[in-house]
Amino acid sequence: MLNEKMEFAFNEQINKEFYSEFLYLAMKAKFAEWNLQGFVNWFDVQVQEERAHAFGMYDYVLERGGKIELMTIERPEIEGDTPVQIFEHVLRHEQYVTSRINYLLDVAEEVKDRAATSFLDWYLKEQVEEESNVGKVLATLKLIGDDKNALLLMDKDLATRVFTVPVIG
Ligand code: OFO
(Lines give C-alpha, C1' and ligand atoms only; values in the text may rest on other atoms or scores of the structure.)
Protein backbone atom coordinates (compact mmCIF):
# COMPACT_ATOMS: atom_id res chain seq x y z
CA MET A 1 0.00 0.00 0.00
CA LEU A 2 1.24 3.46 -0.85
CA ASN A 3 1.47 6.20 1.75
CA GLU A 4 -0.91 9.09 0.91
CA LYS A 5 1.85 11.69 0.51
CA MET A 6 3.84 9.32 -1.72
CA GLU A 7 0.76 8.54 -3.79
CA PHE A 8 0.05 12.26 -4.32
CA ALA A 9 3.68 12.92 -5.31
CA PHE A 10 3.50 10.11 -7.88
CA ASN A 11 0.24 11.47 -9.30
CA GLU A 12 1.76 14.94 -9.58
CA GLN A 13 4.80 13.52 -11.33
CA ILE A 14 2.65 11.52 -13.77
CA ASN A 15 1.09 14.88 -14.71
CA LYS A 16 4.53 16.46 -15.16
CA GLU A 17 5.69 13.60 -17.41
CA PHE A 18 2.57 14.06 -19.57
CA TYR A 19 3.27 17.81 -19.59
CA SER A 20 6.80 17.02 -20.85
CA GLU A 21 5.22 14.98 -23.64
CA PHE A 22 3.01 17.97 -24.56
CA LEU A 23 5.92 20.42 -24.40
CA TYR A 24 8.04 18.28 -26.71
CA LEU A 25 5.08 17.78 -29.07
CA ALA A 26 4.83 21.58 -29.33
CA MET A 27 8.57 21.89 -29.94
CA LYS A 28 8.44 19.11 -32.54
CA ALA A 29 5.87 21.17 -34.48
CA LYS A 30 8.14 24.23 -34.29
CA PHE A 31 11.02 22.32 -35.92
CA ALA A 32 8.56 20.91 -38.50
CA GLU A 33 7.73 24.55 -39.43
CA TRP A 34 11.45 25.10 -40.07
CA ASN A 35 11.57 21.83 -42.05
CA LEU A 36 14.35 20.41 -39.86
CA GLN A 37 13.17 16.81 -40.06
CA GLY A 38 16.06 15.34 -38.04
CA PHE A 39 15.12 17.59 -35.11
CA VAL A 40 11.48 16.58 -35.64
CA ASN A 41 12.59 12.96 -35.24
CA TRP A 42 14.64 13.83 -32.13
CA PHE A 43 11.55 15.37 -30.50
CA ASP A 44 9.39 12.48 -31.63
CA VAL A 45 11.65 10.07 -29.72
CA GLN A 46 11.54 12.46 -26.75
CA VAL A 47 7.73 12.49 -26.85
CA GLN A 48 7.61 8.68 -26.77
CA GLU A 49 10.10 8.57 -23.89
CA GLU A 50 8.02 11.00 -21.82
CA ARG A 51 4.90 8.95 -22.39
CA ALA A 52 6.82 5.83 -21.29
CA HIS A 53 7.98 7.70 -18.14
CA ALA A 54 4.38 8.67 -17.33
CA PHE A 55 3.04 5.16 -17.90
CA GLY A 56 5.91 3.65 -15.90
CA MET A 57 4.74 5.58 -12.83
CA TYR A 58 1.06 5.02 -13.61
CA ASP A 59 1.58 1.24 -13.68
CA TYR A 60 3.69 1.40 -10.54
CA VAL A 61 1.03 3.25 -8.53
CA LEU A 62 -1.53 0.61 -9.55
CA GLU A 63 0.89 -2.21 -8.79
CA ARG A 64 1.31 -0.81 -5.26
CA GLY A 65 -2.45 -0.71 -4.75
CA GLY A 66 -2.51 3.09 -5.02
CA LYS A 67 -5.08 5.36 -6.62
CA ILE A 68 -4.55 7.19 -9.90
CA GLU A 69 -5.77 10.81 -9.89
CA LEU A 70 -5.20 12.35 -13.30
CA MET A 71 -4.71 16.14 -13.26
CA THR A 72 -5.16 18.86 -15.87
CA ILE A 73 -2.23 19.14 -18.24
CA GLU A 74 -1.03 22.73 -18.54
CA ARG A 75 -0.81 24.35 -21.98
CA PRO A 76 2.82 24.16 -23.13
CA GLU A 77 4.58 27.48 -23.77
CA ILE A 78 7.82 27.38 -25.74
CA GLU A 79 10.41 29.84 -24.44
CA GLY A 80 12.42 31.17 -27.38
CA ASP A 81 12.25 31.20 -31.13
CA THR A 82 15.58 29.79 -32.30
CA PRO A 83 16.97 26.22 -32.06
CA VAL A 84 19.49 27.35 -29.40
CA GLN A 85 16.82 29.06 -27.28
CA ILE A 86 14.49 26.07 -27.57
CA PHE A 87 17.20 23.65 -26.46
CA GLU A 88 18.07 25.97 -23.59
CA HIS A 89 14.43 25.65 -22.59
CA VAL A 90 14.59 21.84 -22.93
CA LEU A 91 17.65 21.78 -20.67
CA ARG A 92 15.98 24.00 -18.05
CA HIS A 93 12.91 21.79 -18.21
CA GLU A 94 14.89 18.57 -17.73
CA GLN A 95 16.78 20.14 -14.79
CA TYR A 96 13.41 20.97 -13.27
CA VAL A 97 12.21 17.38 -13.79
CA THR A 98 15.40 16.13 -12.10
CA SER A 99 14.59 18.35 -9.09
CA ARG A 100 11.09 16.82 -8.99
CA ILE A 101 12.45 13.25 -9.05
CA ASN A 102 14.74 14.25 -6.17
CA TYR A 103 11.66 15.56 -4.35
CA LEU A 104 9.91 12.20 -4.83
CA LEU A 105 13.00 10.47 -3.47
CA ASP A 106 12.87 12.80 -0.43
CA VAL A 107 9.24 11.84 0.16
CA ALA A 108 10.09 8.12 -0.21
CA GLU A 109 12.80 8.55 2.41
CA GLU A 110 10.51 10.53 4.71
CA VAL A 111 7.79 7.85 4.64
CA LYS A 112 10.40 5.05 4.68
CA ASP A 113 9.20 3.54 1.40
CA ARG A 114 12.32 1.65 0.29
CA ALA A 115 10.51 0.00 -2.63
CA ALA A 116 9.64 3.44 -4.04
CA THR A 117 13.26 4.58 -3.54
CA SER A 118 14.53 1.67 -5.54
CA PHE A 119 11.91 2.26 -8.26
CA LEU A 120 12.73 5.99 -8.45
CA ASP A 121 16.46 5.32 -8.78
CA TRP A 122 15.77 4.34 -12.39
CA TYR A 123 14.23 7.79 -13.03
CA LEU A 124 17.19 9.52 -11.43
CA LYS A 125 19.63 7.69 -13.72
CA GLU A 126 17.38 8.48 -16.69
CA GLN A 127 17.52 12.20 -15.79
CA VAL A 128 21.34 12.12 -15.85
CA GLU A 129 21.09 10.71 -19.38
CA GLU A 130 18.38 13.20 -20.41
CA GLU A 131 20.36 16.23 -19.24
CA SER A 132 23.52 14.91 -20.86
CA ASN A 133 21.81 14.25 -24.25
CA VAL A 134 20.17 17.67 -24.29
CA GLY A 135 23.39 19.36 -23.17
CA LYS A 136 25.25 17.78 -26.10
CA VAL A 137 22.67 18.94 -28.67
CA LEU A 138 22.76 22.45 -27.18
CA ALA A 139 26.58 22.59 -27.19
CA THR A 140 26.68 21.55 -30.87
CA LEU A 141 24.02 24.12 -31.78
CA LYS A 142 26.03 26.85 -30.06
CA LEU A 143 29.18 25.72 -31.84
CA ILE A 144 27.68 25.84 -35.31
CA GLY A 145 26.14 29.30 -34.75
CA ASP A 146 24.84 30.73 -38.05
CA ASP A 147 26.39 28.06 -40.28
CA LYS A 148 23.37 26.68 -42.20
CA ASN A 149 25.32 23.82 -43.80
CA ALA A 150 26.49 22.64 -40.40
CA LEU A 151 22.90 22.87 -39.11
CA LEU A 152 21.69 20.68 -41.99
CA LEU A 153 24.45 18.13 -41.27
CA MET A 154 23.42 18.08 -37.62
CA ASP A 155 19.80 17.65 -38.67
CA LYS A 156 20.81 14.59 -40.72
CA ASP A 157 22.55 13.15 -37.69
CA LEU A 158 19.54 13.66 -35.39
CA ALA A 159 17.37 11.81 -37.93
CA THR A 160 19.11 8.58 -36.86
CA ARG A 161 17.87 8.69 -33.24
CA VAL A 162 15.54 5.76 -32.49
CA PHE A 163 13.14 5.10 -29.64
CA THR A 164 13.73 1.97 -27.60
CA VAL A 165 11.08 0.96 -25.09
CA PRO A 166 12.65 1.53 -21.66
CA VAL A 167 12.63 -1.19 -19.03
CA ILE A 168 11.57 0.90 -16.03
CA GLY A 169 12.25 0.07 -12.39
FE1 OFO B 1 10.64 12.29 -18.17
O2 OFO B 1 12.29 12.94 -18.46
FE3 OFO B 1 12.20 14.38 -19.59
O4 OFO B 1 11.00 15.35 -18.73
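First, a word on scope: everything that follows refers to the structure included in this document. The shown structure was predicted, so the numbers you read here are calculated from the model rather than taken from an experiment.

Rules used in this analysis
Here the residue numbering is sequential within each chain, running from 1 through the sequence in written order. Only residues with pLDDT of at least 70 are given local features in this predicted model, and only at 80 or more are side-chain atom pairs given and counted; all residues enter the totals for whole chains, interfaces and linings. Heavy atoms from the whole structure form the basis of all side-chain values; hydrogens and water molecules are not counted. Strands are runs of DSSP state E lasting at least 2 residues, helices are runs of H or I lasting at least 4, and numbering of each runs from the N terminus. The globule rule is 2.2 Å times the number of residues to the power 0.38, and the radius of gyration it is compared with is taken over C-alpha atoms. Contacts between residues were defined by any pair of non-hydrogen atoms, one from each residue, lying within 4.5 Å. Surface accessibility in these figures is a Shrake-Rupley result with a 1.4 Å probe; residues are shielded only by whichever protein chains are displayed. Counted as positive: Lys and Arg. Counted as negative: Asp and Glu, with His and the chain ends omitted from the count. Charged side chains are reduced to one point each, which is NZ for Lys, CZ for Arg, CG for Asp and CD for Glu. Burial classes follow relative accessibility: with a 1.4 Å probe on protein chains only, a residue under 20% of its type's maximum area counts as buried, one over 50% as exposed, and anything between as partly exposed.

1. Let's talk about the overall build of the protein
No. 1: When you go through the protein residue by residue, the secondary structure sums to 5 helices and 0 strands.
No. 2: What you see in the protein, going N to C, is helices and strands ordered as α-α-α-α-α.
No. 3: A globule of 169 residues ought to have a C-alpha radius of gyration of about 15 Å, and the protein, at 17 Å, matches this closely.
No. 4: Counting only C-alpha atoms and orienting by the principal axes, one finds that the protein spans roughly 55 × 25 × 25 Å.
No. 5: Long-range pairs, those at least 24 residues apart, make up 81% of the contacts in the protein with a sequence separation of at least 6.
No. 6: Carbon and sulfur atoms make up 53% of the accessible area of the protein, which amounts to about 9200 Å² in all.
No. 7: Across the protein, the mean location of the 18 positive side-chain charges is 1 Å away from that of the 31 negative side-chain charges.

2. Here's the deal with unusual backbone geometry
Backbone geometry follows two general trends: most residues other than glycine have a negative phi, and most peptide bonds adopt the trans configuration.
No. 1: Its identity as a non-glycine residue notwithstanding, Asn 35 has a phi of 55°, on the positive side.
No. 2: Within the secondary structure layout, Asn 35 lies in the loop between helix H1 (4-33) and helix H2 (37-63).
No. 3: The backbone of Lys 112 sits at a positive phi, close to 55°, despite the residue not being glycine.
No. 4: The topology assignment puts Lys 112 in the loop between helix H3 (83-110) and helix H4 (114-144).
No. 5: On the basis of relative accessible area, Lys 112 is assigned to the exposed category, the value being 66%.

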